[in-house]
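Below, each chain spelled out in residue letters.
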Amino acid sequence: MSDPQDKAETPELTPEARAVLGRARKSFMVSIGLLVVGLIAVGGALVYRASQSDGKASADYVIAALKIPEGSEVVSAVAADGRLTVTYRLGPLTSVRIFDGKSGELIREIPVVSE
C-alpha cells in the first residue's frame, strides 16, 4: 500500500492568489452568461422569424404573364410594394413599364430619354 505521506502536498494559496482566482472565475462566469444570453436571443429571433411567415408576400404577386413589345430585351425587373417594374430596351429606345402585381394590368409606361 502507498503511504499518504509519500504524496507531495500542494501548498496553501496566498490571499492574493485566491483573490486573483476569484476574479478570474467571476469574469469567466459573466462572459459565459453573456454568451448564453446572446445565443438564446439569436435562437428566439430565428424562431420568431420562422413562425411569422404567413405567405402574404407571395399573395401580392400572382401575375401569370406580362406584355412587352415583341423583339424587346428585358434589362431589369423589380417587384416591390405590390407592383412589378420592368425596364426593357427595343432598339435604341429604353422604356419602363409598371404593372399591378395582382392583376398584371399596365399602370404606367415611362420612356427613358437622354439629356
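Here the residue index of a chain counts from 1 through its sequence in written order. For a predicted model such as this one, the threshold for reporting local features is a pLDDT of at least 70, and the threshold for listing and counting side-chain atom pairs is 80 or more; totals across whole chains, interfaces and linings nevertheless cover every residue. For side-chain calculations, the full set of non-hydrogen atoms in the structure is used, while hydrogens and water are omitted.

Enquirer: Sorry if this is basic, but what is going on with the pattern of salt bridges here?
Expert: Where charged atoms from two side chains of opposite charge come close, those side chains can pair. Definition used for salt bridges: Asp or Glu carboxyl oxygen within 4 Å of a side-chain nitrogen of Lys or Arg. Counted under the stated rule, the structure contains two salt bridges. Between Arg18 and Glu12 there is a salt bridge, with the nearest N and O atoms lying 2.6 Å from each other. Any residue under 20% of the maximum accessible area for its type is buried, any over 50% is exposed, and the rest in between are partly exposed; the area is computed with a 1.4 Å probe on protein chains only. According to the relative accessible area criterion, Arg18 is partly exposed, its value standing at 44%. The class for Glu12 is exposed, based on a relative accessible area of 65%. Among the salt bridges present, the one from Glu109 reaches Arg97, with a minimum N-O distance of 3.1 Å. Here Arg97 lies in strand E3 (residues 93–100) and Glu109 lies in strand E4 (residues 106–112), a separation of 12 residues in the sequence. A relative accessible area of 13% means that Arg97 is categorised as buried. In this description a helix means any DSSP run of H or I spanning at least four residues, a strand means any run of E spanning at least two, and both kinds are numbered starting from the N terminus.

Enquirer: I tried to follow the sheet that holds E4 on my own but got confused; where do I start?
Expert: Strand pairing in a sheet takes place through backbone hydrogen bonds and is either antiparallel or parallel in direction. The rule for pairing is simple: two strands pair if DSSP sees at least two bridges between them. On the basis of which strands lie adjacent, the open sheet formed by four strands has the order E1-E2-E3-E4 and antiparallel pairing. Each having just a single partner strand, strand E1 (73–80) and E4 make up the two edges of the open sheet. Averaged over neighbouring strand pairs, the angle between their axes works out to 15 degrees when direction is ignored. The pairing of strand E2 (residues 83–90) with E3 spans eight bridges and is classified as antiparallel. In the sheet register, Leu90 faces E3, and the bridge partner there is Leu93. A fitted line through C-alpha atoms serves as each axis, taken over the contacting stretch for helices, and the angle formed by two N-to-C directions is quoted from 0 to 180°.

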